[in-house]
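# Reading the structure
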Amino acid sequence: MFDSFKEDVKSFMEHDPAARSPIEIILLYPGFKALRSHKRANWFLRHNMPFIARWISQRCAHKTGIEIHPGAIIGRRVCIDHGSGIVIGETTEIGDDVMIYQGVTLGGTGKDVGKRHPTIENGVMIGSGAKVLGPITVGRNAKVAAGAVVVKDVEPNSTVVGVPGEVVRIDGERVDDLDQIHIPDPLMNAIKINQEKISDLQKEIEILKEQLNK
C-alpha cells in the first residue's frame, strides 16, 4: 500500500510542472485526494459495504468536484490534473499511467446494460472536457484531444479529435511530446488539401484563359 502511495505521488510530480513538493500534492491536490479516496471506497464495495462506499465517494465529490463511482477499476500511476468536473462511471476500467484532465466524463450512453462505461488502456491521455461514452475501448497510448466526444473504439497509438471523435493514426507510434491541444485535426487537414487543389485549378484556369485570348 505504501509503495502504491509513493507511486501516485511520483506520478503527480512527473506530470504536473506546477507541483513544488510531495507534501503539496498530498495535502492540496484534489486529483490525488480523489484517487486515494476511491481506493478506500472500492475496498468497502468489494467487502459488501456499498452504502459506506457510496458515502465516501459522494463526500469526495462534494469536496473535490471529482466523482468516481466506487465500482470503477483504476490502475497504477494514474494522474488527474486539476480534476474539477470529472465523472467516472461504475463499470469504467482505467489502466496504468493514464493522464486525465479536468472536465472529462467516462460515462454511459443510457442504452447499455452490464458493462456500460469505457475501458481505458495503459498510457492513454484524455484532454480537458473530453467525453468518452459507452462500453468502448481506448487503446494503449492513445490520445483524446480536448473537447472530443468518443463513442466508438480507438486503436492503440492513435489520436481522437472532434465531435463526434475522428481517429487518426500518427505514424503508428506514441508521440510523447504531443500535448492535449496540439493534436492534428484530420478534418482540417482535408479542408486544407482541398483548398490547395482549388487554388491550383484556379491557376490552371487563368493560364487557359490567357492562352485562349491570344
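Everything that follows concerns the structure shown earlier in this document.
Thresholds, definitions, all that
Residues numbered from 1 in each chain as written. Predicted model: local features only at pLDDT ≥ 70, side-chain atom pairs only at ≥ 80, totals over all residues. Heavy atoms only, no water. Pairing = 2+ DSSP bridges. Helix = DSSP H or I, 4+ residues; strand = E, 2+ residues; numbered from the N terminus. Expected span 1.5 Å × (residues − 1). Buried < 20%, exposed > 50% of the residue type's maximum accessible area, 1.4 Å probe, protein only. Arc of directions from axis to C-beta. Contact = heavy atoms within 4.5 Å.

Further remarks concern the sheet that holds strand β5 (residues 93-94). Spatial ordering of the open sheet is given by β2-β5-β8-β11, a layout of four strands whose pairing is parallel. With partners counted over all chains shown, the strands left at the sheet margins are β2 (73-74) and β11 (137-138), one partner each.

Side chains of residues three or four places apart in an α-helix project in the same direction, reflecting 3.6 residues per turn. Over its 15 residues, helix α4 (residues 50-64) runs 21 Å from end to end, which matches the ideal 21 Å to within 8%, given 1.5 Å per residue. Within α4, the full set of buried residues consists of Ala53, Ile56, Ser57, Cys60, Ala61 and Thr64. Looking straight down α4, one finds its buried side chains confined to an arc of 135 degrees; they lie on one side. Set apart from the buried face of α4 by more than 90 degrees, the exposed residues are Phe51, Trp55, His62 and Lys63. Its buried side turned inward, α4 meets α3 (30-46) and β1 (67-68). Positive backbone phi, approximately 80 degrees, marks Gly65, located one or two places after α4.

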